[in-house]
Each structure stands twice: as C-alpha cells, then as structure tokens.
Amino acid sequence: MSDRPVTLQPDGLVREAAVADARLNADLGGTRLGPVGALNGRRNVSDEQLLSNLRAFVAPVATNAGAVTSDAEVLRLARDVSAVFADDSQSGGLTKAEVYAGLTARRGIPCDRGLFEARFTLFEALNLVQPYLAKKHQDRYVLNPAGLAGLLVVDRLGVHGGVDELMLLLDRARWVLERGTVDRAAVIEHLRSCRRLLSVYAANLERLVETAPLHELMAEQRQHEHRDIEGQVHALNRLVTDRFLADPELDDKAMGLIEAEQRYRRHLMAAVERVLDEGGNSLDFNVLSPEEYLTAAIDAPLDGLSEVGRHIVVDPPMPWTDPGALLEAIDSYAPRRRMRQRPPEPPDADEPDPIAVLRRQHDAELKRRRLAAENSLQGGDEVELTSQLSLAGWPGAARILADLLVLHSSRGQPFALDVGEMPLIDPEAAVTYLHPVRLRRLDRPRVPDSTGAARATSTNSEHVTYDGEQR
Amino acid sequence: MNLSGMSAQRRAAVLLARIRAEGATAREVASAVVLAAAEQAAAHAGRQVVGCVAPVETAQARPSYRFRPSLVLGWADGMAPSPEDDPGYPIRRFSATQALAWAACLGLAWIDRSASPYPGESFRGEDVVDLLADIGVPSTWVKAALNHDLPLAGLVASDGEWLRLGPAAAALPDATVEALRRFHDRLPRPTGFADPGHLTAMPCAHGNRSSEEDAES
C-alpha cells in the first residue's frame, strides 16, 4: 500500500448536503438541464473536472474504479433523456421510441441509436427510468424523481466544483438558528458539518498550493472567489453565542468552526498569492477572468490601470510556427512521381494547321526546284549551266543558282551541283562575276563502261547503293 | 527622434519598441549601456535580446537593406508561450504550403543537425520551388510564401538572388529548436543530400567556409 499522503476530496463531503437540498432547488421546468459546462451563464468547471468531481462524489457507493463514465456525452444524454420525460405532459409515461423521438427533436439532430439503447437499458436496470406498470413486458416508462434529483446534484457539482454547498450549509445552519425552534443536538451537528467541510477545503487548498500546477490552482482558486465565508462563519458564531448562553460545548464547536475558517482563509490567501506571483510573472492573462478585466477597466483607479501594462511586451501578431504543425504539413505531402502527359488534342477548328501549311509550302517549293532542274537537264545526266546563268541576268542567275544549291544540299534529291574554281569575269554582261556551274543527275543508272563494272549511282544522301541491290 | 535627453532606461524602452516594430534593428543604433538596459528590461518581461545578421535600414547614407549585425527579440529560457498546450487564445498559423516552404528553407539552410539552425547556409529560392514541386506543392504558392509570407514573418531574408534564414529564425525558442532537431532528417531536402555539391551553392555564404567545404579541401 502506498504511504503517499492523501487528502479527502471536498466533493465527497458535499454529497450529503447536496443530495438533501437537491429537491429544494429542483427546477422541474428543465431550465437547468443545459449542456455540460454551460449552465445559466454561471462559471462552470471543465467537463474533465466535472467528471473528476463526479468520481469523487460517487466513490463512497461505487463498486469499482470504473463506476463513473469518462465520456461527457453520456452525461449529456442522461440530461436530455430526463428533460424529455420532464417536458412530457401526457399521462401514462413514454415508450422508448417516443423518448428517442423527443431526444432527436430536442437536439435537432439524430442521437446515436446504439448509445441511446445501451444507456436506456442501463437506466432501466438502475431504476432511473421505471416501467409505468410494475408488470412484465411494459413498454411505457416514467422517470424516477430520485434520478432527476441526482442530475441536479451533478449540475451543482459542475458549478463552482461544489463550493456552493459550503455556502449552502452555512446558510442552512444560520436559518435553523434564526428560526429558533431547533434543538441543541441539531445545532451541534450543523456546526460539525460546516467545520468538516471547511477543514477539507482548507486541506485541499493547502495541497494544491504546494503541489499543483498553476493552471490547476487557478481553476480551484476561482471556485472560491467572491465568497463571504468569513462573514457567514462569524455571523453563525454570534447566533450560537446569543442563542445558547454559557454552553461550553457549543462555544467550543463554534470556536472550532472559526478556527477551521481561519485555516481555510489562510490557505486560500496562499493560493491567491501564488497565482498572482507566478501568474503575474508569466504574464498569463488567464489569472483574471474576462469579467474581472472588464470590472477593473471600469472601476480601477487610473494609476492602478497604468501599472497593468508596465512590463508587458506586445509583439506584432506573427504566425506561430510550432514544430508539430511543421511535421504535420510534411506528413501531409508525399513525394510524387512526375509523369509527362501529352496535352489534349485541340478541338477541330476552322483555322489551318500552320505546321501543315509550312510543310505544304516547302514541298511545293522543292517540287518547283526539281522540275526546274529536270527542265535544265532535258532528260540528260548532266548539263553545263554557266551560259544559262549568264543569260539569265541579275537577279535571275542568283535565283537559279540558289535553287540548285538547295537541291544539292537536300537529302534524297538526286542532283549534284559542281561549281568550278575558275572565275569568269565579264564587265559588260549582266552577270559580271561567275564560276562554271555543272548540274548532274545522280539517280539514273549509267551505262556500264568498257570494263564491265557497274558504276555507282547515288543521291545527295550519304547512302551509296548499287543498281543490283536496288532491284 | 531625439534621444539625447533620455535616460538609459527610457532609451532601452524605445529600443525594445523599435525592435518589436521592425522585427530586427541594427545593432549599431544602441550603445552598450542602452543595450544592457534593454536586455534587463526584456528579461523582466520574459524576453531576451538576440543578436543576428539581418537586412536592416540604417540612418547612414549607405545602401539600404544590407545585412548587418542586428538585434531581435526572443523568448527567455522557458518563457515561450505554448499555444499547443493552451488553446484558450487564438493564434495565426501558417497554411500547409507556407509551413512546407518554411520547412524546406530550414532543410536547405540547416545541414548540420548538431549545429544551431541559425545562421545556416544560404540557398536559392529556385531550389525550394523545385524541391516542393517534387512533392506536389504548386510552385506559385511556394513563390508567394518565399516572396511574401516568410520574409514578413522574419523567418527568411533575401540576399540578392540568395535566401537566408531571417532574424525570427535566430530567435526561435530553444524548445522549438530541440523539437525541430528531433525530426531534422524529415525536413524536405533533395535526395542524396549527403553530397552538398549537388545543390547550387553560394561560393561564400556568410564569409565563412562551411564544414563541408573544409572537408573537401
């Protein structure tokens, strides 16, 4: 067994008083059955804290550690089911289907059917919902009032974490004393209950001040703020003194209550000091609630307000670059294989294909040059064009020569142009400067010479073929 | 602003305000006394003044936006906010593309895992664009992040055709750097990064030879 010191959770002690007063505070109109964490604008604990409070609350009657759910949705479902029953005005109870329909209508969205069935079965087993008639196979149910009271208690645990019960207990003790009809034993019992609750809260605060992280201490400290517990305890003490003069035992009980309150206040002040010290140094704006900031802005003196931002550094709002988000972004993109894709075929249009037009023009030009060359050859294998060029004049000679040079350099065209080196100069002619030019055909088979060897024929391409192979 | 009649504390406050407004301020604008007072005031607020090299404007008639020794505000040890743990206040985050662009810049600049990411190596914006294009990030978005978002946040600074990590990178909290170091190998880099020669490398990125260059020579 662990020897770690443990402290009693105040919520466990609150349970008895809370159950007793639940009926007095029950709001059968269902206005308090709001969602978890949003009750009537009052400050509530978080869902996690509420469920933690609940675990401490039911610990005295729990059969195992898992007796209380850790799912806040289950609690919401119980609230809504209770509200459906509470809002029902017809006699004879509700069927399970009607409860489900009412639940859906209340939420505006369909409820998880499986969860509803499971919880309804549990509610029936624990008598939160009861058959209208105590017979078998009854399909109409009513809500057990004790269950509704239990939900109201849960609500109160969710508001201020149960500190309200301390105030309620003190109020009730004052009320019975002021009424004057209570007996001495009942007063002793009330004083003892108040002292116990104060002692437990004091011990819990002491533990939190010493060990809890700041945010947890701030959450607890907020539950205790704006409470005149000191005034309540002293008023109760005066009533006891006035009502029971010279009663040492009651005096002793009342004094014990004051001592418990002083201890509670001392630890509460320690909690406040730690929150202000650490919270102030860390510039944590959660130290105060938004309402307190608003109140301070309206009511605080100017000098005090001017101190608020004395050591506050305000930066421009830059994007927050946390490593987790960076890693998430990296994980969201995976390397991809880049595949080139052919662009889609353009739709048929009236516009001519410019490439095809150029190709046709090129073919036509080549054909014209070839016909011109064939015309110059006049069916022969070669022809001397020097005189023809000389007669063509200028720029006709240049145009003929350019066409022949194109044919000479074109692959697949069976023409060759031999340009001699000797310059022919005639100052009087249209073409004053000319070299001898001879055009030859390359693709026509030559007549075998006297040696009987076949002479090679060729085109302007690099490929050389022989007559026999071509056939 | 005429600061001649101000006390050192007040000049320090002005210096801190200037750093906050500009993102990075030239080191030469503050005397040693004022800088010490500013460091003290910043420490009181959970901040610290961090030195870096950043493109800052100076009062002298020199070419503007030259990289000069500068000052930037960082968080004191353990005082950096942690919005991940406390979602009680809204913060602006980078989009996935901006975060990836920043990760790629960090990956290209921060080669030696054991070293501090700042100042790192210079890199080209084209390398970032190509790197992220390989994993499917549109290049226009990456260019927008490189040209606008990251420089505005001070994470990247332009040095002509080259990019460097900016002053905000110098002021990254230690916890953030340590977290980044844990997945240093997952930062986007071209395949085969072990050979730094495959990248377009600036001949002398910061005036100092890198460890890789030293190893090669």
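How each quantity is defined
Residues numbered from 1 in each chain as written. Chains lettered and ligands numbered in written order. Predicted model: local features only at pLDDT ≥ 70, side-chain atom pairs only at ≥ 80, totals over all residues. Heavy atoms only, no water. Helix = DSSP H or I, 4+ residues; strand = E, 2+ residues; numbered from the N terminus. Buried < 20%, exposed > 50% of the residue type's maximum accessible area, 1.4 Å probe, protein only. Contact = heavy atoms within 4.5 Å. Pairing = 2+ DSSP bridges. Axes fitted to C-alpha atoms, helices over the stretch in contact; angles between N-to-C directions. Core = buried A, V, L, I, M, F, W, Y, C linked by side-chain atoms within 4.5 Å. Expected span 1.5 Å × (residues − 1). 1 Å grid on protein atoms, 1.4 Å probe; cavity = no way out; pocket = protein on both sides within 12 Å on 5 of 7 lines; lining within 4 Å. Points joined across faces, edges and corners; volume = space filled by probe spheres on them. Nonpolar A, V, L, I, M, F, W, Y, C, P; charged D, E, K, R; others polar. Buried area = accessible area lost by both parts, 1.4 Å probe. Salt bridge = Lys/Arg side-chain N within 4 Å of Asp/Glu carboxyl O. Polar contact = N/O pair within 3.5 Å; in protein donor to acceptor, adjacent residues only side chain to side chain. Parallel < 35°, antiparallel > 145°, perpendicular 65-115°, else oblique. Left-handed = near helix turned anticlockwise from the far one by under 90°. Phe/Tyr/Trp six-rings, centres within 6.5 Å; stacked < 30°, edge-to-face > 60°. Lys NZ or Arg CZ within 6 Å of the ring centre and 35° of its normal.

1. With respect to the overall build of chain A
For chain A, the helix and strand inventory stands at 18 helices and 10 strands. Out of the 471 residues in chain A, the part that is buried amounts to 36%. Once local pairs closer than 6 in sequence are excluded, the contacts in chain A between residues at least 24 apart make up 66%.

2. Notes on the sheet that holds strand β2 (residues 129–131) of chain A
Residues and elements named next belong to chain A. Strand order in the open sheet formed by three strands is β1-β3-β2, with antiparallel pairing between adjacent strands. Strands at the two margins of the open sheet, each flanked by one partner only, are β1 (94–95) and β2. One ladder, built from three bridges, connects β2 with strand β3 (residues 140–143); its direction is antiparallel. Bridge pairing in β3 links proline 131 to tyrosine 141. The strands touched by helix α3 (residues 72–87) are β1, β2 and β3; relative to β3, the strand with the most contacts, the crossing angle is about 100°.

3. Description of the nonpolar core
Residues Trp102, Val128, Leu132 and Leu150 of chain B are the most contacted members of the largest nonpolar core, which totals 47 residues. Sorting the residues of this core by element identifies α14 (323–332) of chain A together with β2 (47–56), α3 (96–109), α4 (125–133), α5 (139–152), β6 (162–165), α6 (167–170) and α7 (174–182) of chain B as the ones contributing at least two each. Here this core takes 10 residues from α3 of chain B, the largest share from any one element. Beyond its immediate stretch of four places on either side in the chain, tryptophan 102 of chain B contacts Thr321 and Leu326 of chain A together with Leu150, Leu155, Val156, Leu165, Ala169 and Leu172 of chain B. If you look at the next biggest cluster of nonpolar residues, it comprises 37 residues, including Leu166, Leu198, Leu214 and Leu236 of chain A.

4. Things to note about α3 of chain B
Along its 14 residues, α3 of chain B runs 20 Å from first to last C-alpha, staying within 8% of the 20 Å computed at 1.5 Å per residue. Most of α3 of chain B is tucked away, with 13 of its 14 residues classed as buried.

5. Thoughts on the layout of surface pockets
All names here are of chain A. For the second largest pocket, the calculated volume is near 990 Å³. As for the second largest pocket, its lining consists of 27 residues, and the residues nearest its centre are Val58, Ala67, Arg119, Leu126 and Val154. Counting only elements with at least two residues in the lining of the second largest pocket, the list comes to α1 (10–25), α2 (47–58), α3, α5 (113–125) and α6 (145–158). Here the lining of the second largest pocket takes six residues from α6, the largest share from any one element. Residue composition of the lining of the second largest pocket, by class: 19 nonpolar, six polar and two charged.

6. Observations regarding the sheet that holds strand β8 (residues 437–441) of chain A
All names here are of chain A. Reading across the sheet, the three strands line up as β4-β8-β5 and stay open at both edges, with antiparallel pairing between neighbours. Strands with a single pairing partner mark the edges of an open sheet, and in this sheet they are β4 (382–384) and β5 (415–419). Direction aside, neighbouring strands of the sheet carry axes that sit 15° apart on average. Two elements, β4 and β8, share three bridges in a ladder whose sense is antiparallel. Bridge pairing in β8 links glutamate 384 to arginine 438. Across the face of the sheet, helix α15 (residues 354–377) comes into contact with β4, β5 and β8 while running at roughly 100° to β8.

7. A closer look at the interface of chain A and chain B
With 27 residues of chain A at the interface, the matching set in chain B holds 37 residues. Interface area for chain A against chain B, summed over the two sides, is near 2800 Å², with a carbon-plus-sulfur share of 64%. On the chain A side of the interface with chain B, the three residues burying the most area are Trp320, Leu326 and Tyr333 of chain A, jointly 26% of the side's total. The interface formed by chain A and chain B includes two salt bridges. In this structure, arginine 93 of chain B and aspartate 322 of chain A form a salt bridge, with 2.4 Å as the shortest nitrogen-oxygen distance. At the junction of chain A and chain B, the tally comes to three residue pairs in polar contact (both at pLDDT 80 or more). Looking at which element gives the most residues to the side of chain A that touches chain B, the answer is α14 of chain A, with seven residues. Classifying every residue of the side of chain A that touches chain B gives 17 nonpolar, five polar and five charged.

8. Brief notes about the packing of helix α8 (residues 184–211) of chain A against helix α10 (residues 229–243) of chain A
All names here are of chain A. For the pair α8 and α10, the least separation of the axes is 12 Å and the interaxial angle reads 155°. As far as their axial angle goes, α10 and α8 are roughly antiparallel. Both α8 and α10 take part in a crossing whose hand is left-handed. Residues Val187, Leu191 and Leu198 of α8 pack against Ile229, Val233, Leu236 and Val240 of α10. When grouped by side-chain class, the residues that make up the contact of α8 with α10 number seven nonpolar, no polar and no charged.

9. Here's the deal with the packing of aromatic side chains
For the structure shown, the criterion picks out three aromatic pairs over all chains. A centroid spacing of 5.1 Å and a plane angle of 85° characterise the contact between phenylalanine 120 of chain A and tyrosine 141 of chain A, whose relative ring orientation is edge-to-face. Of this pair, phenylalanine 120 of chain A sits in helix α5 while tyrosine 141 of chain A sits in strand β3, and the two are 21 residues apart along the sequence. In textbook terms, an aromatic cluster arises when at least three aromatic residues are bridged by ring pairs, as seen for Tyr100, Phe116, Phe120 and Tyr141 of chain A. Arginine 47 of chain B extends its terminal NZ or CZ atom over the ring of tryptophan 75 of chain B, reaching a point 3.9 Å from the ring centre. The positively charged end of arginine 124 of chain B is found above the aromatic ring belonging to tryptophan 162 of chain B, 4.4 Å away from the centroid.

10. A word on unusual backbone geometry
Omega for the bond connecting tryptophan 394 of chain A with proline 395 of chain A falls within 30 degrees of zero, at 15°, which places this linkage in the cis form. With omega at 5°, the peptide bond leading from tyrosine 118 of chain B into proline 119 of chain B counts as cis. In this fold, proline 119 of chain B is placed in the loop between α3 and β4 (123–124). One non-glycine residue, asparagine 127 of chain A, lies in the positive phi region at around 65°. Of note, asparagine 127 of chain A is situated in the loop between α5 and β2. By relative accessible area, which is 40% here, asparagine 127 of chain A ends up partly exposed. Residues other than glycine seldom take positive phi values, yet glutamine 378 of chain A does so here, at roughly 55°. Tracing the backbone through its elements, the reader meets glutamine 378 of chain A in the loop between α15 and β4.

11. With respect to the pairing of β8 of chain A
All names here are of chain A. Burial of β8 is one-sided: the residues Val437, Leu439 and Arg441 facing one way are buried, the residues Arg438 and Arg440 facing the other way are not. Pairing of β5 with β8, which is carried by five bridges, proceeds in the antiparallel orientation. Residue pairing across strands places alanine 416 opposite arginine 440, the latter belonging to β8.

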